[in-house]
2 protein chains.
Amino acid sequence: MAVYTDVEDTDLERFLADYDLGELLSCKGIAEGVENSNFLLHADSGFYILTLYEKRVQEADLPFFLGLLEHLHKKGISCPLPVAARDGVALRQLSGRPAVIVSFLDGIWVRRSKTHHCAALGSALAAMHQAAGDFTLRRENALSCSSWRPLFEKCRDRADSVEPGLAGFIAAELDFLEANWPRDLPAGVIHADLFPDNVFFLKDRLSGLIDFYFACNDQFAYDLAICLNAWCFEADNSFNITKARALIHAYETVRPLSREERNALPILARGASVRFLLTRLYDWLTVPDGALVTPKDPLEYVRKLRFHQRVVGPEGYGVDDP
Amino acid sequence: MAVYTDVEDTDLERFLADYDLGELLSCKGIAEGVENSNFLLHADSGFYILTLYEKRVQEADLPFFLGLLEHLHKKGISCPLPVAARDGVALRQLSGRPAVIVSFLDGIWVRRSKTHHCAALGSALAAMHQAAGDFTLRRENALSCSSWRPLFEKCRDRADSVEPGLAGFIAAELDFLEANWPRDLPAGVIHADLFPDNVFFLKDRLSGLIDFYFACNDQFAYDLAICLNAWCFEADNSFNITKARALIHAYETVRPLSREERNALPILARGASVRFLLTRLYDWLTVPDGALVTPKDPLEYVRKLRFHQRVVGPEGYGVDDP
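Rules of the game
Residues numbered from 1 in each chain as written. Chains lettered and ligands numbered in written order. Predicted model: local features only at pLDDT ≥ 70, side-chain atom pairs only at ≥ 80, totals over all residues. Helix = DSSP H or I, 4+ residues; strand = E, 2+ residues; numbered from the N terminus. Rg over C-alpha atoms; globule rule 2.2 N^0.38 Å. Buried ≥ 20, exposed ≤ 12 C-beta atoms within 10 Å, placed from the backbone. Contact = placed C-beta atoms within 7 Å. Axes fitted to C-alpha atoms, helices over the stretch in contact; angles between N-to-C directions. Parallel < 35°, antiparallel > 145°, perpendicular 65-115°, else oblique. Left-handed = near helix turned anticlockwise from the far one by under 90°. Nonpolar A, V, L, I, M, F, W, Y, C, P; charged D, E, K, R; others polar. Domains from an automatic or database assignment. Least-squares fit on C-alpha atoms with pLDDT ≥ 70 in both. Pairing = 2+ DSSP bridges. Core = buried A, V, L, I, M, F, W, Y, C linked by C-beta atoms within 7 Å. Expected span 1.5 Å × (residues − 1).

Engineer: Explain the overall build of chain A here, please?
Structural biologist: When helices and strands are counted, chain A shows 9 helices and 11 strands. Taking 20 Å as the expected radius of gyration for a compact globule of 322 residues, we find that chain A reaches 20 Å, a close match to that expectation. Summarising its shape, the C-alpha atoms of chain A cover approximately 60 × 45 × 35 Å along the three principal directions. Split into buried and exposed, the 322 residues of chain A put 43% on the buried side. Of the contacts formed within chain A by residues at least 6 apart in sequence, a portion of 71% connects residues at least 24 apart.

Engineer: Sorry if this is basic, but what is going on with the packing of helix H6 (residues 220–231) of chain A against helix H8 (residues 259–286) of chain A here?
Structural biologist: Residues and elements named next belong to chain A. For the pair H6 and H8, interaxial distance at closest approach is 8 Å and the crossing angle is 60°. Between H6 and H8, the angle is such that the two are oblique. Read as a crossing pair, H6 and H8 show a hand that is right-handed. Listed contacts from H8 to Ala221, Tyr222, Ala225, Ile226, Leu228 and Asn229 of H6 are Glu261, Ala264, Leu265, Leu268, Ala269, Gly271, Ala272, Ser273 and Phe276. When its residues are assigned to classes, the contact of H6 with H8 shows 11 nonpolar, 3 polar and 1 charged.

Engineer: What exactly am I supposed to notice about the domain arrangement of chain A here?
Structural biologist: Interface size is commonly expressed as the accessible surface area that is lost when the partners come together. All names here are of chain A. Taken domain by domain, chain A consists of domain 1 (9–104) and domain 2 (109–317). Here the C-alpha centroids of domain 1 and domain 2 sit 27 Å apart. Counting residues at the interface gives 19 residues for domain 1 and 17 residues for domain 2. Its residues placed into classes, the side of domain 1 that touches domain 2 shows 11 nonpolar, 5 polar and 3 charged.

Engineer: Hey, could you run me through the relation of the copies chain B and chain A in this one?
Structural biologist: What relates the pair of chain copies is a rotation about an axis plus a shift along that axis. When chain B is fitted to chain A, the residual RMSD is 0.0 Å, and the transformation amounts to a turn of 180° plus an axial shift of 0.0 Å. What the superposition gives is, in effect, a two-fold axis relating one chain to the other. Comparing interface residues between copies, 96% of those in chain B also lie at the interface in chain A; the contact surface is shared.

Engineer: Looking at this structure, how should I read the sheet that holds strand S7 (residues 108–109) of chain B?
Structural biologist: Backbone hydrogen bonds hold the strands of a sheet together, and the pairing may be parallel or antiparallel. All names here are of chain B. Taken together, 3 strands build an open sheet; the order of strands is S7-S9-S10 and the sheet is antiparallel. Every interior strand has two partners, whereas the edge strands, S7 and strand S10 (205–209), have only one. Two strands pair when backbone bridges link them, and S7 and strand S9 (residues 199–202) are joined in this way by 2 bridges, in the antiparallel orientation. The partner of Ile108 across the bridge, within S9, is Phe201. Relative to the sheet, helix H3 (residues 115–131) contacts S9 and S10, its axis offset from that of S10 by approximately 45°.

Engineer: What should I look at first to understand the interface of chain B and chain A in this one?
Structural biologist: Each side of the interface is counted separately: chain B has 23 residues, and chain A has 23 residues. Of all elements in the fold, only strand S1 (24–29) and strand S2 (36–43) of chain B reach the threshold of two or more residues within the side of chain B that touches chain A. The element that contributes the greatest number of residues to the side of chain B that touches chain A is S1 of chain B, accounting for 6 residues. Of the residues assigned to the side of chain B that touches chain A, the class counts are 12 nonpolar, 5 polar and 6 charged.

Engineer: What should I look at first to understand the sheet that holds strand S9 (residues 199–202) of chain A in this one?
Structural biologist: Residue and element names in this part refer to chain A. In space, the 3 strands of this open sheet follow the order S7-S9-S10, with antiparallel pairing throughout. The sheet terminates laterally at strand S7 (108–109) and strand S10 (205–209), the two strands that pair on one side only. The sheet strands contacting helix H3 (residues 115–131) are S9 and S10, and the helix crosses S10 at an angle near 45°.

Engineer: Teacher, can you tell me more about unusual backbone geometry here?
Structural biologist: The backbone of Asn237 of chain A sits at a positive phi, close to 70°, despite the residue not being glycine. Structurally, the position occupied by Asn237 of chain A is in the loop between H6 and helix H7 (241–254). Among the residues examined, Asn237 of chain A registers 14 C-beta atoms within 10 Å and is labelled partly exposed. Positive phi values are uncommon outside glycine, yet Ser95 of chain B reaches one of about 50°. With respect to the element layout, Ser95 of chain B can be found in the loop between strand S5 (92–94) and strand S6 (97–103).

Engineer: Please explain the environment of Leu94 of chain A as it appears in this structure.
Structural biologist: Its location among the elements puts Leu94 of chain A in strand S5 (residues 92–94). The class of Leu94 of chain A is buried, set by 22 C-beta atoms lying within 10 Å.

Engineer: Looking at this structure, how should I read the nonpolar core?
Structural biologist: In a soluble, globular protein the nonpolar side chains are often hidden away together inside. Counting residues in hydrophobic clusters, the biggest one holds 198 residues, and the most contacted among them are Leu247 of chain A together with Leu247 of chain B. Those residues in contact with Leu247 of chain B that sit more than four places away from it in its chain are Cys118, Ala119, Leu121, Gly122, Cys227, Leu228, Trp231 and Cys232 of chain B.

Engineer: Any chance you could explain the pairing of S2 of chain B here in plain terms?
Structural biologist: The side chains of a regular strand alternate, residue by residue, between the two faces of the sheet. Residues and elements named next belong to chain B. Of all 8 residues making up S2, 7 are buried, and the element is well covered by its neighbours. Inspection of the sheet shows S1 paired to S2 by 5 bridges, in the antiparallel sense. Each bridged residue has a counterpart across the sheet, and for Gly29 the counterpart in S2 is Phe39. Linking S2 to strand S3 (residues 46–53), which pair antiparallel, is a turn of 2 residues.

Engineer: Just checking my understanding: could you explain H7 of chain A for this structure?
Structural biologist: Because an α-helix packs 3.6 residues into every turn, residues spaced three or four apart end up facing the same way. All names here are of chain A. Counted at 1.5 Å a residue, the expected span for H7 with its 14 residues is 20 Å, and the 20 Å between its end C-alpha atoms agrees. Every buried residue of H7 is accounted for by Lys243, Ala244, Arg245, Ala246, Leu247, Ile248 and Tyr251. Buried residues belonging to H7 abut H3 and H6.

Engineer: Can you walk me through the environment of Phe201 of chain B in this structure?
Structural biologist: All names here are of chain B. Looking at where Phe201 falls in the secondary structure, it is placed in strand S9. Phe201 gets classed as buried once you count the C-beta atoms within 10 Å, which come to 21. Spatially, the C-alpha atom of Phe201 lies 9.4 Å from that of Ala120, the residues being 81 residues apart in sequence. If we ignore the near neighbours within four places in the chain, the residues touching Phe201 are Gly107, Ile108, Val110, His117, Leu206 and Ser207.

What follows is the structure, encoded as structure tokens:
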């Protein structure tokens with residue numbers, strides 16, 4: 001949770017003067033999001049979210065992210081919609097940062113997801129993959145298989161300080177993944193970070209997806225593998241195959257998986273584990289003094305990876321042979 | 001800025017079931033307030049603030065704080081109004097903490113106050129003092145003159161590590177204050193922490209006062225002295241006598257000061273400086289590892305104190321002889 005940039009009231013009033021939102025009534029920093037500063041904005045016309053992009057987001061990527069939100073919204077996906085100023089431009093500057101106002105999305109994220117939440121997630125994920133089909137901008141996955149080793153090299157020396165033997169364990173896994181990573185599965189725009197705090201529910205209904213700032217072009221089934229990790233392990237790190245089956249089955253009711261995609265699930269889940277293991281390990285080892293954000297435990301993803309290493313086929317995730 | 005306690009979605013739904021606010025639509029942690037955890041709550045019936053009281057607030061004081069807000073609101077002071085649940089009780093429990101829902105107050109706090117803001121503050125402060133006149137609960141000022149020395153003793157040994165000679169400087173000032181502190185000025189309920197971030201404006205109109213969690217019974221003019229410190233020094237620590245005059249003059253249009261109160265302003269301002277100097281010094285020296293809040297600089301209040309030590313009478317604050 002963090003607000004990295006303070007927005008002065010007079011700067012904000014000047015900023016809002018370019019919009020047709022009415023008078024500024026309130027603006028409060030929100031303790032959510034670790035990449036950007038977010039504010040709950042109240043104007044005559046309603047409530048909005050104001051986001052200031054901090055240095056971890058590449059400014060060159062913003063047209064992709066904002067264009068994607070507009071595209072998905074147009075296709076009926078419930079996600080934040082960028083609000084353009086009077087000149088038609090949504091991406092602007094405030095307090096020395098790129099800034100955008102998006103629509104306020106109701107919903108609560110679920111701390112302890114149940115099987116029906118995983119099912120709702122599955123169909124929403126597939127619908128998002130399909131809706132983004134004709135989106136014309138592209139963004140490479142900056143955290144894909146080929147980028148894991150360079151990231152690993154930055155923390156290799158100190159990895160064993162987190163858990164003895166960790167450096168060797170990751171090195172061997174990277175050897176396996178680089179040799180066997182699938183490259184020809186159906187691909188398109190994926191969310192790439194669909195953790196529970198990025199999925200809103202109203203009662204039992206999924207009400208929206210947020211935080212598309214890792215979205216990129218990659219293989220669809222990899223997105224599903226990220227969700228398997230983020231949603232189907234219990235707090236004690238046990239794998240809940242009932243949730244996995246519900247997630248994948250609901251996904252397939254909207255977008256059926258090919259045999260190749262199903263068979264790739266174990267290796268994709270291993271890769272997804274390594275991706276979050278490495279970014280968490282890097283953050284863990286490089287947390288700056290006075291950091292506002294507590295780094296997440298990388299070892300959680302070591303345990304998930306060990307689970308996937310023992311899975312021999314898609315039936316390990318509750319997927320029946322077609 | 002901080003949210004110390006995470007509220008689980010299911011706990012929150014159970015909590016809200018006791019109210020007549022309609023369905024829960026959204027709940028976001030707010031990066032404001034250093035004493036409590038605050039959330040922006042959206043329900044069918046509108047937006048609210050949900051506050052969870054953390055350990056720095058004494059639970060026994062909560063009936064005073066909440067009763068005061070209700071009392072002031074009834075008297076026409078714009079401040080958050082506690083919302084009672086269906087059983088008529090506003091103070092409840094959530095996630096193991098005392099919790100209350102209050103009305104959402106529009107307004108922005110002013111980062112760089114101008115003279116007219118100080119004037120608006122002055123009349124609002126006096127109106128608050130008068131409105132609280134017939135409030136029957138009492139709360140002693142836990143940070144009054146008699147409590148400064150015990151607080152000082154907790155940081156005396158390390159005070160010189162912040163600025164050489166600081167311990168001796170504070171000790172001498174405490175000797176002076178304890179010998180000369182006024183005790184018979186008009187008294188009642190004061191806010192005691194009316195810094196700019198606790199005063200909301202809509203355009204140039206003061207729209208509300210918030211954060212009454214230091215409110216207590218003490219001498220009215222001491223509250224004015226706290227505001228002189230919080231509002232009338234510029235960023236370079238120079239004293240802006242025009243703002244001070246506007247603040248005090250506007251206060252007096254609502255509640256005229258007695259000759260004794262006017263004459264006491266210099267010593268009250270010295271005391272107000274020591275009070276914030278000491279709490280900041282204590283926080284500075286005892287900031288815990290992993291703190292979410294950056295401690296404020298105690299030396300700012302050393303400089304303010306030095307200014308007030310040179311003021312010989314109320315004319316030093318722009319007050320003309322009556």
